[in-house]
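# Structural overview for review
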Amino acid sequence: MNSAFRRNLLPQTVLSFLPLTLFFPVGIIYTGILLFLFSLLYSGDYRTKWLTVKANPLFWPIIGLSAITCCAAILLERPQDSFWSGFAHYQIYIVLLFFISVGSGDWQKRAVTVFFVGAFYAATLYYFNLLQILPKMGIFANFLVYRGNKSILLGILLAIAAGWMLYEMASLADRRWLWLMVPAFLYVVIALLFLAKSRTASLIFVLLCLLFFLKYLTMSWRSVLWILGLVLMFAVAWLSASDLRLRVIGTVDDINAFSQGQQISDDGIRLEMYSVTSKIIAEKPWTGHGIATFSSQYKKYSKGLPSEGTRTPHNDYLFYAAEIGLIGLAALLWIWLTQLTVAWKIGGAPGMWLGMLGVAIMVGGMFNAALRDAVFGMPFMILLAIPLAGVTRNRIPKA
């Protein structure tokens with residue numbers, strides 16, 4: 001334990017505990033990140049850290065996206081009131097480079113354990129709220145009432161944790177541990193499907209289960225039992241989780257109504273946002289309109305519409321295309337596809353962690369501002385650092 005707090009290992013130690021902060025208010029997450037940055041400065045050996053970052057497969061894709069945003073900042077419109085905050089949001093992957101500069105080590109497995117503890121803590125708070133014994137305090141606000149991006153994030157984090165747990169259960173060498181892992185897995189999944197109320201999180205969990213089966217399970221009796229168990233769990237969830245079922249059915253109804261020009265519900269307002277944003281993109285498809293211009297551009301096309309005051313289209317693909325064009329979107333996809341490629345190459349637990357994170361980010365970006373909003377972006381960067389630290393272009397370790 002004392003070695004974990006040595007000067008050179010202190011950033012790894014701090015980073016390994018950051019996954020727990022993800023289940024707390026945003027201020028606690030930022031405090032943890034600042035503590036990590038201070039420990040990184042204190043640890044020294046900056047040349048080794050720089051070489052570690054430069055050797056990572058994501059280095060050039062991240063630098064590419066940053067360079068494109070710098071060009072957009074110079075050549076395109078720059079709103080005086082919101083430009084710098086908008087520009088900073090596009091640099092979120094730079095934070096990942098600081099995280100992975102610490103290199104690989106025992107901290108990675110410790111971070112996964114801490115993440116599971118955090119998911120167990122969050123699930124417990126959902127159960128306490130169900131039993132009406134959760135204190136009405138600010139620190140529990142997003143567990144008490146479903147509201148805003150933080151509530152959506154909590155559901156997504158539970159989905160990722162459940163996906164990682166699923167892999168851990170299937171790869172256990174000592175099957176006796178299943179008596180502990182299976183109840184813990186179900187404890188988190190039930191909270192996710194019945195209490196978190198996030199359609200995006202539920203969809204991500206289903207896709208993570210599908211990814212797991214496609215990559216790791218073969219035609220054997222054990223595989224059949226795994227599949228039957230999960231199908232049964234999803235069937236029970238669909239029949240029992242009335243809130244989730246009604247929201248999914250409402251989404252389908254909104255899609256049908258919108259396609260026929262009929263009125264949509266408040267939950268279906270994203271369809272209107274997507275339609276208006278597509279018109280903005282069509283005006284300048286290659287370069288976009290400029291960083292932090294989305295809000296002003298959206299108002300031009302949405303006068304009198306219910307979504308007139310929106311600040312993002314709740315879709316990262318459309319948002320990037322609207323502000324920095326298809327060129328900027330291509331740079332973002334370069335990062336995401338590199339993540340998936342690295343996940344496939346390294347295999348094993350780190351590969352599955354990274355692959356599931358890639359799916360979560362890409363799917364989350366379809367329905368939320370997963371990178372534009374730091375509430376989503378910073379937690380994703382912390383989790384991405386766990387499997388990516390220590391990976392290099394020239395030597396991708398096989399698990």
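Look up: the structure comes first, before these words.
Given the structure is predicted, the values throughout are model-derived calculations rather than measurements. (Residues numbered from 1 in each chain as written. Predicted model: local features only at pLDDT ≥ 70, side-chain atom pairs only at ≥ 80, totals over all residues. Heavy atoms only, no water.)

### Focus on the packing of helix H7 (residues 107-130) against helix H10 (residues 178-195)
For the pair H7 and H10, interaxial distance at closest approach is 9 Å and the crossing angle is 50°. Put simply, H7 runs oblique to H10. Considering only the axes of H7 and H10, their crossing is left-handed. Facing Ala-119, Phe-120, Ala-123, Thr-124, Tyr-126, Tyr-127 and Leu-130 of H7, the residues of H10 in contact are Leu-186, Tyr-187, Val-188, Ile-190, Ala-191 and Leu-195. Classifying every residue of the contact of H7 with H10 by side-chain character gives 12 nonpolar, one polar and no charged. (Axes fitted to C-alpha atoms, helices over the stretch in contact; angles between N-to-C directions. Helix = DSSP H or I, 4+ residues; strand = E, 2+ residues; numbered from the N terminus. Parallel < 35°, antiparallel > 145°, perpendicular 65-115°, else oblique. Left-handed = near helix turned anticlockwise from the far one by under 90°. Contact = heavy atoms within 4.5 Å. Nonpolar A, V, L, I, M, F, W, Y, C, P; charged D, E, K, R; others polar.)

### Thoughts on unusual backbone geometry
Positive phi values are uncommon outside glycine, yet Asp-45 reaches one of about 55°. In this fold, Asp-45 is placed in the loop between helix H2 (26-43) and helix H3 (46-55). Phi at His-314 is positive, roughly 55°, even though this residue is not glycine. If you trace the backbone, His-314 turns up in the loop between helix H15 (294-301) and helix H16 (316-346).

### A few points about the state of the cysteines
Within the structure shown, the criterion is met by zero disulfides. Counting only cysteine sulfurs, Cys-71 is the nearest neighbor of Cys-70, a cysteine outside any disulfide, at a range of 7.0 Å. Looking at Cys-70, the relative accessible area reads 33%, which means it is partly exposed. (Disulfide = S-S within 2.5 Å. Buried < 20%, exposed > 50% of the residue type's maximum accessible area, 1.4 Å probe, protein only.)

### Details of the packing of aromatic side chains
One pass over the full model with this rule turns up 19 aromatic pairs. Judged by centre distance (6.0 Å) and plane angle (80°), the rings of Trp-84 and Phe-87 are edge-to-face. A residue pair is termed a helical-turn pair when its members lie 3 or 4 positions apart in one helix, as Trp-84 and Phe-87 do in helix H5 (residues 83-89) at three residues. Owing to a relative accessible area of 16%, Phe-87 belongs among the buried residues under this scheme. (Phe/Tyr/Trp six-rings, centres within 6.5 Å; stacked < 30°, edge-to-face > 60°.)

### Digging into the nonpolar core
Ranked by size, the top nonpolar core spans 127 residues in total, and within it Tyr-93, Leu-96, Phe-99 and Trp-164 carry the most contacts. Looking at this core element by element, the count peaks at 16 residues for helix H9 (residues 148-170). Ignoring anything within four residues of it in the chain, the contact list for Phe-99 reads Leu-15, Leu-18, Ile-33, Phe-36, Met-381, Ile-382 and Ala-385. (Core = buried A, V, L, I, M, F, W, Y, C linked by side-chain atoms within 4.5 Å.)

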